[in-house]
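Tertiary structure, described
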Amino acid sequence: MSPLPSSPLSLDSFDLAILAILQRDNTTPQRLIGEAVNLSAPAVQRRIKRMEQTGVIASNVAVVDPAAVGQPITIFVEVELESERTEMIDAAKRQFSAAAEVQQCYYVTGEVDFILVITVADMGAYEALTRKLFFGSNNVRKFRTFVAMDRVKVGLTIPLPD
């Protein structure tokens, strides 16, 4: 089982098989992972720990249904800044990252500077957030809102090489 080229950490087929299992259910006992990939539980534990320490595994979280916790509205927002000076971009990154309602934030190329994924309880909560993040910022030129009609596919699983 040879390591994959061009990876920051050399991941072999055992690592990839472990990651595939953890992406489906990260509560799978290491003993069961070991049985599935033909490794001992301690070997699985060492590999998982190494992947956590090197950042391959970024975090272990529970994926929560927003509607189940009173946040049923998902909104996508394109944000265009007035200035693309480094300090203004960094300030926008910090501001968007600090807002609990911002689930994801991407600094992108193209006609806009950021794309945000936001969850809120209702449109009143979104309006309050726009006042804080966009209208309250002298660096936001404009923003455009898209409200999700249906959650067709939501996930964080990364496709892995075979």
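Here is a short report on the structure shown in this document. (Residues numbered from 1 in each chain as written. Predicted model: local features only at pLDDT ≥ 70, side-chain atom pairs only at ≥ 80, totals over all residues. Heavy atoms only, no water.)

Let's talk about the overall build of the chain
Along the chain, the regular secondary structure elements total 5 helices and 4 strands. Along the chain, helices and strands appear, N-terminal first, in the series α-α-α-β-α-β-β-α-β. On C-alpha atoms alone, the chain measures out to a radius of gyration of 20 Å, which is more than a quarter above the 15 Å that the 2.2 N^0.38 rule sets for 162 residues. If one aligns the C-alpha atoms of the chain with their principal axes, the spans along those axes are about 55 × 40 × 25 Å. Put simply, the chain has 162 residues, and 30% of those count as buried. Within the chain, counting contacts between residues at least 6 apart in sequence, those at least 24 apart form 60% of the total. On the chain, roughly 10600 Å² of surface is accessible, and the fraction owed to carbon and sulfur atoms is 55%. Of the side-chain charges in the chain, 16 are positive and 19 negative, and the distance between the mean point of each set is 5 Å. (Helix = DSSP H or I, 4+ residues; strand = E, 2+ residues; numbered from the N terminus. Rg over C-alpha atoms; globule rule 2.2 N^0.38 Å. Buried < 20%, exposed > 50% of the residue type's maximum accessible area, 1.4 Å probe, protein only. Contact = heavy atoms within 4.5 Å. Areas by Shrake-Rupley, 256 points an atom, 1.4 Å probe, with all protein chains shown as cover. Lys, Arg positive; Asp, Glu negative; His and termini not counted. Charge placed at Lys NZ, Arg CZ, Asp CG, Glu CD.)

Things to note about the side chain of T74
Summarising the element assignment, T74 is placed in strand β1 (residues 73-81). Other than its neighbours up to four places away in sequence, T74 contacts V117, I118, T119, F146, V147, A148 and R151.

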